[in-house]
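Okay, here's what each chain looks like letter by letter:
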Amino acid sequence: VLIVDFDVHHGNGTQKAFYDDSTVLFVSLHRHDNGSFYPLEPDAGMDYLGSGEGAGRNVNIPWAVRGKGIRNPPPGDADFAHAFSEIVIPVAKEFAPDMVFIS
């Protein structure tokens, strides 16, 4: 199973549910602002990759829009297209899920 969550907030509940599950690949694209954007949890960062049996099955793509010294425009279509073509699709192809959920 592949779950792709792309909206402004991190899919923290979904990540927690499957963080150590090797049968689910979870990908979240979200605003993060180096941890200063809701849900204000460090596990929304890109270095949280799953644990135990689920190691490598969690992919966070955090956007930094505002924060200490950060003033970036919100990600647009080109940013999402790049993230999907360079990260999401290659990782998904390698994982080869039988089912895909968009959250």
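The structure under discussion appears in the preceding block.
The text that follows walks through the structure, step by step, so that each part is easy to find. (Residues numbered from 1 in each chain as written. Predicted model: local features only at pLDDT ≥ 70, side-chain atom pairs only at ≥ 80, totals over all residues. Heavy atoms only, no water.)

### Details of the nonpolar core
Here is step 1 of the chain: Formed by L2, V4, L25, V27, L29, V59, I61, W63, A83, V88, A92 and F95, the largest nonpolar core amounts to 12 residues.
Here is step 2 of the chain: Mapped by element, the contributors of at least two residues to this core are β1 (2–6), β2 (25–31), β3 (58–63) and α2 (77–95).
Here is step 3 of the chain: In terms of residue count, α2 provides more of this core than any other element does, four residues in total.
Here is step 4 of the chain: Ignoring anything within four residues of it in the chain, the contact list for V88 reads V4, V27, L29, I61 and A83. (Core = buried A, V, L, I, M, F, W, Y, C linked by side-chain atoms within 4.5 Å. Buried < 20%, exposed > 50% of the residue type's maximum accessible area, 1.4 Å probe, protein only. Helix = DSSP H or I, 4+ residues; strand = E, 2+ residues; numbered from the N terminus. Contact = heavy atoms within 4.5 Å.)

### Details of the sheet that holds β3
Here is step 1 of the chain: One open sheet holds the four strands; their spatial order is β3-β2-β1-β6, and the pairing between them is parallel. Of all the strands in the sheet, the pair left with one neighbour each is β3 and β6 (100–102). Shown here is a sheet whose adjacent strand axes are inclined to one another by a mean of 10 degrees, direction ignored.
Here is step 2 of the chain: With six bridges joining them, β2 and β3 adopt parallel strand pairing. Considered in β3, the bridge of H30 is made with P62. (Pairing = 2+ DSSP bridges. Axes fitted to C-alpha atoms, helices over the stretch in contact; angles between N-to-C directions.)

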